[in-house]
Amino acid sequence: MIFGRSERGKPPVEPVTLKILVAGGFGVGKTTLVGAVSEIRPLRTEELLTEAGRPVDDLSGVEAKNTTTVAMDFGRITLREDLVLYLFGTPGQERFWFMWDELAEGALGAVVLADTRRLEDCFAAVDYFERRSIPFLVGVNCFEGAPRHPVEDVRRALDLDVHVPLVMGDARDRESVKEVLIGVVQHAMAQAAQRRRTVTV
């Protein structure tokens, strides 16, 4: 399709749009992930960190970080002509978690980003999606200089159910992020099919 017109008389394809959340701890790479893959300029709601926030913002491990997402990041990626993903990055700090319920409305699934240096920072996101039965995938963002651990060791440390996918990747790399997003969609579709089978039995 070119400028909204169908090619060679073909009717225009109305794409299916899917909503994916990107969650995880403070400074784990959510804004970077959305920016790496979005085909539009991402909408960001970042503010500078201030002295007033120091008592409540734990900067351990991310001391160089000087901005934070206060509402959401938004991006879009077209996987196929008929399939478009809308990406919503959640704020990572506890004082902004009230936004999560709003952002999770209508979501197909979620990516929980993890940093092996601060795995405990993603526990809240894992718990959030488990309690709400929202399909999610854990993506370990492999930071430079971070220790590398076998996938099964990370899975055990996070106490993940066996059906939850866990992948290693790089939030800065477009192809790596696309693979993560495709994994989320496939996982969510498999979960939906399983629920339908359970209902019909």
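The notes below deal with the structure included here. Keep in mind the model is a prediction, meaning the values are calculated, not measured.

Examining the nonpolar core
Soluble, globular proteins show a tendency: their nonpolar side chains are buried together. Core analysis: the biggest nonpolar cluster contains 27 residues, and Leu21, Val112, Phe129, Phe136, Val138, Leu158 and Leu160 have the highest contact counts within it. Sorting the residues of this core by element identifies strand 1 (16–24), strand 3 (67–80), helix 2 (99–104), strand 5 (109–114), helix 3 (123–131), strand 6 (136–141) and helix 4 (151–158) as the ones contributing at least two each. Top element by residues in this core is helix 3. It accounts for four residues. Ignoring any residue separated from it by four or fewer positions in sequence, one finds Leu158 in contact with Leu119, Cys122, Phe123, Val138 and Leu166. In terms of nonpolar packing, the next biggest core, distinct from the first, is built from 21 residues, Ile20, Leu33, Val180 and Val185 among them.

Remarks on empty space enclosed by the protein
Across all of its chains, the model carries three cavities of 30 Å³ or more by this definition. Along its surface, the largest cavity is lined by 13 residues, and Leu33, Leu113, Gly169, Asp170 and Val180 are the ones closest to its centre. Looking at the lining of the largest cavity, the elements that each hand over two or more residues are strand 6, strand 7 (166–169) and helix 5 (174–200). Taken together, the residues of the lining of the largest cavity break down into eight nonpolar, four polar and one charged. By volume, the second largest cavity is sized at about 40 Å³. What lines the second largest cavity is Thr116, Val140, Asn141, Cys142, Phe143, Ala146, Pro147, Arg148, His149 and Met168. Its residues assigned to classes, the lining of the second largest cavity shows six nonpolar, three polar and one charged.

Thoughts on the side chain of His187
Structurally, His187 can be placed in helix 5. The contacts of His187, once residues within four sequence positions are left out, are Pro135, Phe136, His163 and Pro165.

Description of the pattern of salt bridges
All told, the structure shown has eleven salt bridges when counted by the stated rule. In this structure, Asp127 engages Arg131 in a salt bridge whose closest nitrogen and oxygen atoms are separated by 2.8 Å. With Asp127 and Arg131 both in helix 3 and four residues apart, the pair spans about one turn of that helix.

The rules behind the values
- Residues numbered from 1 in each chain as written.
- Predicted model: local features only at pLDDT ≥ 70, side-chain atom pairs only at ≥ 80, totals over all residues.
- Heavy atoms only, no water.
- Core = buried A, V, L, I, M, F, W, Y, C linked by side-chain atoms within 4.5 Å.
- Buried < 20%, exposed > 50% of the residue type's maximum accessible area, 1.4 Å probe, protein only.
- Helix = DSSP H or I, 4+ residues; strand = E, 2+ residues; numbered from the N terminus.
- Contact = heavy atoms within 4.5 Å.
- 1 Å grid on protein atoms, 1.4 Å probe; cavity = no way out; pocket = protein on both sides within 12 Å on 5 of 7 lines; lining within 4 Å.
- Points joined across faces, edges and corners; volume = space filled by probe spheres on them.
- Nonpolar A, V, L, I, M, F, W, Y, C, P; charged D, E, K, R; others polar.
- Salt bridge = Lys/Arg side-chain N within 4 Å of Asp/Glu carboxyl O.

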